[in-house]
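As a plain string of letters, each chain reads:
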Amino acid sequence: MDLDSLDSTRIPRHIACVMDGNGRWAQSQGLPRTEGHKAGEHSLFEVVDAAIDAGVQWLTVYAFSTENWKRPKDEVRFLINFNEEILLRRQDELHARNVRIRFVGRRDWRVPKRLIRRMDESVELTKNNTGLTFTIAFNYGGRAEIVDAVRRIVDRGTPANKINEKTIARELYDPDMPDPDLMIRTSGEYRISNFLLWELAYSELLFTDTPWPEFGRDALIAAIHEYQTRDRRFGGVDTEG
Ligand code: IPE
Ligand code: IPE
Ligand code: MG
């Protein structure tokens, strides 16, 4: 399947990915779990490229959840260092491709200061870019995001009867971010795992058995193709046909 087979008038504006299955993929090859995370980098950048080529405007990827701190210390340390290293190695290339880098997630004491500095540098470097907005969800939890939004609203002293859906949406980590049109989860797990709970309310969900390290350009294009067969009603009824 190639790009030409897509309906260019129905490209999802925002795709969100749960990059799952790295560890199991590595184990199936007789490798340590961390090799799966390393292999996942290639998939990620193929997906970024394919998204740009397809005309997707927003791509959000789940890199580390608020629950992932439960993993063995070595794996957590690896993931933190690896994310930092990827940023360092890849930010110039993303910048050259006119990609705007952003982050969503909690900036609590568990996230090393150095990583926060790197994140801020990448955001600053690319903030005026006008191509793909590439958002990395790091130390991200959908419930934490809603809790953080509610705290800000309460801090502001907003009266209860003035709170509506827009009030909450405005206080999410990135108020500019449109809701995902398509959410993809790899590796045969059929759950959300606390990803973008508020934002996924009406997203099309696509689950594939392919583990993330085997996902890539063709798989993304196939996913967009599948998206284009879906009928989005948003609670309404079809008026055509
Ligand atoms: C996804 O792969 C990457 C992160 C959660 C950081 P996993 O590490 O969850 O791989 P599996 O699901 O255990 O195979
Ligand atoms: C979700 O995957 C988090 C990321 C991909 C970063 P997990 O592997 O952590 O989710 P569960 O534990 O299978 O639900
Ligand atoms: Mg997993």
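This is a predicted model, so every value here is computed, not measured.

Draft legend 1. Inspection of the nonpolar core at higher detail. Counting 47 residues, the largest nonpolar core has I15, L59, F134, I184 and L220 as its most contacted members. Examining the composition of this core, we find that eight residues originate from one element, helix α3 (residues 73–96), more than from any other. Among residues more than four places away in sequence, those in contact with L59 are H14, I15, C17, V47, V48, A51, L132, T133, F134 and T135. Of all hydrophobic cores here, the second largest spans 12 residues; its members include Y62, V104, M177 and L196.

Draft legend 2. Highlighting the site of ligand 2. All residues in the neighbourhood of ligand 2 are listed as V18, M19, D20, Y62, A63, F64, N68, R71, R185, R191 and S193. N68 places a polar side-chain atom, nitrogen or oxygen, 2.9 Å from an oxygen atom of ligand 2. Within the side chain of R185, a nitrogen or oxygen atom sits 3.3 Å from an oxygen atom of ligand 2. Compared with its free state, where it exposes 390 Å², ligand 2 has 78% of that area covered by protein. Of the residues forming the shell around ligand 2, the biggest block, three residues, is contributed by strand β2 (residues 58–65). Here the residues of the shell around ligand 2 sort into five nonpolar, two polar and four charged.

Draft legend 3. Spatial organisation of the site of ligand 1. Looking at ligand 1, there are 13 residues lining it, with M19, D20, G23, R24 and R71 nearest. The contact in question runs from an oxygen atom of ligand 1 to an N or O atom on the backbone of G23, over 2.9 Å. Interatomic distance of 2.6 Å between a backbone N/O atom of R24 and an oxygen atom of ligand 1. Relative to its unbound accessible area of 370 Å², ligand 1 is 88% covered by the protein chains. For the shell around ligand 1, the elements supplying multiple residues, two or more each, are α1 (22–28), α2 (33–54) and α3. Take the shell around ligand 1: its biggest share by element is three residues, from α1. Within the shell around ligand 1, the residues separate by chemical class into three nonpolar, five polar and five charged.

Draft legend 4. Main features of the pattern of salt bridges. In the structure shown here, the tally under the stated rule is 32 salt bridges. Put simply, D174 and R102 hold a salt bridge, and the shortest N to O gap is 3.0 Å. Placement of D174 in the loop between α6 (165–170) and β5 (182–185) and of R102 in strand β3 (residues 100–104) is noted, with a sequence separation of 72 residues between them. R102 shares its class with D174; the two are buried. Note that R232 is salt-bridged to D181, the shortest N-O span being 2.9 Å. Pair noted here: R232 is in the segment after α7 (217–228) and D181 is in the loop between α6 and β5, with a separation of 51 residues, a long-range link. D181 gets classed as buried once you look at its relative accessible area, which sits at 14%. Via salt bridges that share partners, D20, R24, R185, E189 and R191 belong to a single interconnected network.

Draft legend 5. Expanded view of the packing of α2 against α7. Taken N-terminus to C-terminus, the directions of α2 and α7 make an angle of 45 degrees; their axes are 8 Å apart at the nearest point. Taken together, α2 and α7 sit at an angle that is classed as oblique. Regarding α2 and α7, the two cross each other, and that crossing is right-handed. For the pair α2 and α7, the contacting residues are E46, V47, D49, A50, A51, D53 and A54 in the first and R217, L220 and I224 in the second. Residue composition of the contact of α2 with α7, by class: six nonpolar, no polar and four charged.

Draft legend 6. α3, seen in detail. Given a rise of 1.5 Å per residue, 24 residues ought to cover 34 Å, and the 35 Å separating the end C-alpha atoms of α3 matches this to within 8%. The largest bend in α3 amounts to roughly 50 degrees and is located at R90.

Draft legend 7. Spotlight on the packing of α2 against α3. For the pair α2 and α3, the least separation of the axes is 11 Å and the interaxial angle reads 30 degrees. On the basis of the axis angle, α2 is roughly parallel to α3. Between α2 and α3 the crossing geometry is right-handed. The residues of α3 that touch α2, namely those facing R33, T34, H37, K38, E41, F45 and V48, are E75, F78, L79, F82, I86, R89, R90, E93 and L94.

About the cut-offs
- Counting from 1, residues in each chain are numbered in the order their sequence is written.
- To read the labels, note that chains go from A and ligands from 1, taken in the order they are written.
- Side-chain atom pairs in this predicted model are given and counted only at pLDDT of 80 or more, local residue features only at pLDDT of at least 70, and totals for whole chains, interfaces and linings cover all residues.
- Values shown for side chains rest on all heavy atoms present in the structure; no hydrogens or waters enter the calculation.
- We define the nonpolar core as a collection of buried residues of types Ala, Val, Leu, Ile, Met, Phe, Trp, Tyr and Cys that are connected through side-chain atoms lying within 4.5 Å of one another.
- Classification of residues uses two cut-offs on accessible area relative to the type maximum, computed with a 1.4 Å probe and protein chains only: under 20% is buried, over 50% is exposed, and between them is partly exposed.
- Runs of H or I in DSSP of at least four residues are treated as helices and runs of E of at least two as strands, each being numbered from the N terminus.
- Contact between two residues is taken to exist if any of their heavy atoms lie within 4.5 Å; hydrogens are not considered.
- Definition of nearness: a residue and a molecule or strand are near each other if at least one heavy atom of the residue lies within 4 Å of the molecule or strand.
- Polar contact criterion, stated in full: a pair of N or O atoms within 3.5 Å, where within protein one must be able to donate a hydrogen and the other to accept it, and residues adjacent in sequence count only if both atoms are side-chain atoms.
- Residue exposure ignores everything except the shown protein chains as possible cover, and the areas themselves are Shrake-Rupley values with a 1.4 Å probe.
- Polar here means any residue outside two lists: the nonpolar Ala, Val, Leu, Ile, Met, Phe, Trp, Tyr, Cys and Pro, and the charged Asp, Glu, Lys and Arg; Gly therefore counts as polar.
- Any carboxyl oxygen of Asp or Glu within 4 Å of a side-chain nitrogen of Lys or Arg constitutes a salt bridge here.
- To get an axis, a line is fitted to the C-alpha atoms, and for a helix only the part in contact is used. The angle between two axes follows their N-to-C directions and goes from 0 to 180 degrees.
- Geometric relationships in this document are graded by angle, where less than 35 degrees denotes roughly parallel, more than 145 denotes roughly antiparallel, 65 to 115 denotes roughly perpendicular, and other angles denote oblique.
- Note on convention: the crossing is left-handed when the near helix lies turned anticlockwise from the far helix by less than a right angle, right-handed when the turn is clockwise.
- In a helix, the anticipated span is given by 1.5 Å times the number of residues less one.
- One fitted axis covers the seven residues ending at a residue, a second covers the seven starting there, and the bend at that residue is the angle between these axes.

The values are spatial; any link to function lies outside them.
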